[in-house]
Amino acid sequence: MSNIAERVSGNILSTEWDNLPPQAIHWAKIGIIDTIGVTLAGAGEDCTRVVLATPGVAEASGPALLFGHGRRTSVLDAVLINGVASHALDFDDVNNCIGGHPSVPLVPAIFALGDMVAFSGRDALLAYIVGFETETRIGQAVNHFHYEKGWHPTATIGIFGTVATASFLLGLDQERTATALGLATSLASGVKANFGTMTKPFHIGHSLRNGITAVLLAKEGFTANVGAFEHHHGFLEVFNGVENCDIERGLAEWGSPWNVMAPGPNLKQFPCCGSTHGAINATLALRAAHDVRPENVADIAVLTTPRRLPHTDNPDPKTGLQAKFSIH
């Protein structure tokens, strides 16, 4: 049997436009458009501004547009900056299979690479769909243990979506796509301890830059262990422990159905952690139904799954970023 990277790369390259259901294309368009919007909204945030002002970042000229800044730079610097901006407000879509945000590892890559090489809108949509499927299928194999252990899956799993999208758009063959995936296992990073700080959106920019780097290196013949997922010192063992993974659960039903359709990219109503949205909506519903006023409230009890508490149990947030991760 082929190893995991070879199986994933084979699935990526065998996906054809004519076999995609219309709903997959519909939701891909929604995911891309929503991500453009939240990236433009996050382009002026402090975290984006600080990364952009860092010496050596985005100083070189290049083809790739910086969203909201009206200038261009290298592809690697563009995905770094646009990736930070896309996640700066925590307004980007969510998906429980990846245990995070599925579109931000994909859309900045599509636009930066589209400024470097020519491809069609159809190819861009197909690249989004295979990237979405790759990251969510790997997510299904390792979650929810991976999420609960403290990894930030949008970065640690999303990097494989970046690799899938970029490998497809740059025309890598199965061997080099598998190599890029193997290389990406060494570049995956991001821990939830940094939620509520500028480092959380930086995870995304950094992951995008690493994912694109892996693909560009593999395209030029760089080597990596294509068995790096299942190796005894590889991704599954190091990040999860193999006893906490079910790779067949993730890969056996590729495209049946497409995860971009169900559960799909779930759009956010509010620019804060998705784990707080249930409490927000319940509060708004109570206020509307009963005309509840703050002076009449003695206390509020919130019942939620324990999985949501470690990163939202923050009773005394000191900054706006911390408040995005505070149910209180």
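To be clear, the structure that these remarks concern was listed above.
On a predicted model such as this, the values are computed, not experimentally measured, just so you know.

> What should I look at first to understand the overall build of the chain in this one?
Within the chain one finds 15 helices and two strands. For 328 residues, the compact-globule formula gives about 20 Å, and the C-alpha radius of gyration of the chain, at 20 Å, lands near that figure. Viewed in the frame of its principal axes, the chain has a C-alpha envelope of about 65 × 45 × 40 Å. By the burial criterion, 51% of the 328 residues in the chain qualify as buried. Sequence-distant contacts, at least 24 apart, represent 77% of the contacts inside the chain between residues at least 6 apart. Of the roughly 14300 Å² of accessible surface on the chain, a fraction of 55% belongs to carbon and sulfur atoms. Counting 21 positive and 30 negative side-chain charges, the chain places the averaged centre of each group 5 Å from the other.

> Looking at this model, I keep getting lost on the side chain of Thr134. Mind explaining?
Mapped onto the elements, Thr134 comes out in helix H6 (residues 121–142). A polar contact is formed between the side chain of Thr134 and the backbone oxygen of Val130, at a distance of 2.7 Å. Not counting residues up to four positions away in its chain, the partners in contact with Thr134 are Val8, Ile12, Phe160, Gly161, Ala164 and Trp254.

> Would you mind showing me how to read the environment of Leu216 here?
Within the secondary structure, Leu216 is located in helix H11 (residues 199–219). By relative accessible area, Leu216 is classed as partly exposed at 26%. Those residues in contact with Leu216 that sit more than four places away from it in its chain are Leu76, Met116 and Leu170.

> Whenever I open this one, H11 confuses me. Can you help?
The periodicity of an α-helix, 3.6 residues per turn, causes residues three or four places apart in sequence to face the same way. In this model H11 runs 30 Å from its N-terminal to its C-terminal C-alpha over 21 residues, within 8% of the 30 Å that 1.5 Å per residue would give. Gly221 occupies a position one or two residues after H11 and carries a positive phi of about 100 degrees.

> Looking at this structure, how should I read empty space enclosed by the protein?
To find leftover empty space, a probe the size of one water molecule is rolled over the atoms. According to the stated counting rule, one finds one cavity of 30 Å³ or more in the structure shown. Estimates place the volume of the largest cavity at around 50 Å³. Lining the largest cavity are His87, Ala88, Asp90, Gly196, Thr197, Lys200, Pro201, Leu321, Lys324 and Phe325. Across the lining of the largest cavity, the residue classes tally to four nonpolar, three polar and three charged.

> Explain the layout of surface pockets to me, please; I cannot follow it from the model alone.
Put simply, the largest pocket is a space of about 800 Å³. Forming the boundary of the largest pocket are 30 residues, of which Ala279, Thr283, Ile300, Val302 and Ile327 lie nearest the centre. Take the lining of the largest pocket: its biggest share by element is eight residues, from helix H14 (residues 277–290). Partitioning the lining of the largest pocket into residue classes produces 16 nonpolar, eight polar and six charged. Here the second largest pocket is characterised by a volume of approximately 360 Å³. Looking at the lining of the second largest pocket residue by residue, the class counts come to six nonpolar, 13 polar and four charged.

> I'm lost on the nonpolar core in this one. Help?
Nonpolar side chains in soluble globular proteins generally cluster together in the buried interior. Formed by 75 residues in total, the largest nonpolar core has its most connected members in Tyr128, Ile129, Phe160 and Phe229. It is H6 that contributes the most residues to this core, 11 residues altogether. Not counting the four nearest positions on each side in its chain, Phe229 is found in contact with Ile4, Ala5, Ile138, Phe160, Leu181, Thr185, Gly234, Phe235 and Leu236.

> I'm lost on helix H9 (residues 158–169) in this one. Help?
Its 12 residues give H9 an end-to-end C-alpha distance of 17 Å, which sits within 8% of 16 Å, the value for a rise of 1.5 Å per residue. The element H9 is extensively covered by neighbouring structure, given that 12 of its 12 residues are classed as buried. Gly171 occupies a position one or two residues after H9 and carries a positive phi of about 75 degrees.

> When you look at the packing of helix H2 (residues 22–42) against H6 in this model, what are you seeing that I'm missing?
Angle between the axes and distance between the axes are the two parameters that describe a pair of packed helices. Remark: H2 packs on H6, axes separated minimally by 9 Å, with the N-to-C direction vectors making an angle of 90 degrees. Viewed along their axes, H2 and H6 adopt a mutual orientation that is roughly perpendicular. Along the contact surface, H2 presents Ala24, Ile25, Trp27, Ala28, Lys29, Gly31 and Ile32, while H6 presents Leu125, Tyr128 and Ile129. Split into classes, the residues belonging to the contact of H2 with H6 amount to eight nonpolar, one polar and one charged.

> I'm lost on the pattern of salt bridges in this one. Help?
Close approach of charged atoms allows side chains of opposite charge to pair. The full count for this structure, using the stated rule, is 10 salt bridges. Note that Arg137 is salt-bridged to Glu133, the shortest N-O span being 2.7 Å. Pair noted here: Arg137 and Glu133 are both in helix H6, with a separation of four residues, about one helical turn. Summarising the burial analysis for this pair, Arg137 and Glu133 share the class buried. One network of salt bridges, with partners in common, ties together Asp90, Lys200 and Lys268.

Calculation criteria
Residues numbered from 1 in each chain as written. Predicted model: local features only at pLDDT ≥ 70, side-chain atom pairs only at ≥ 80, totals over all residues. Heavy atoms only, no water. Helix = DSSP H or I, 4+ residues; strand = E, 2+ residues; numbered from the N terminus. Rg over C-alpha atoms; globule rule 2.2 N^0.38 Å. Buried < 20%, exposed > 50% of the residue type's maximum accessible area, 1.4 Å probe, protein only. Contact = heavy atoms within 4.5 Å. Areas by Shrake-Rupley, 256 points an atom, 1.4 Å probe, with all protein chains shown as cover. Lys, Arg positive; Asp, Glu negative; His and termini not counted. Charge placed at Lys NZ, Arg CZ, Asp CG, Glu CD. Polar contact = N/O pair within 3.5 Å; in protein donor to acceptor, adjacent residues only side chain to side chain. Expected span 1.5 Å × (residues − 1). 1 Å grid on protein atoms, 1.4 Å probe; cavity = no way out; pocket = protein on both sides within 12 Å on 5 of 7 lines; lining within 4 Å. Points joined across faces, edges and corners; volume = space filled by probe spheres on them. Nonpolar A, V, L, I, M, F, W, Y, C, P; charged D, E, K, R; others polar. Core = buried A, V, L, I, M, F, W, Y, C linked by side-chain atoms within 4.5 Å. Axes fitted to C-alpha atoms, helices over the stretch in contact; angles between N-to-C directions. Parallel < 35°, antiparallel > 145°, perpendicular 65-115°, else oblique. Salt bridge = Lys/Arg side-chain N within 4 Å of Asp/Glu carboxyl O.

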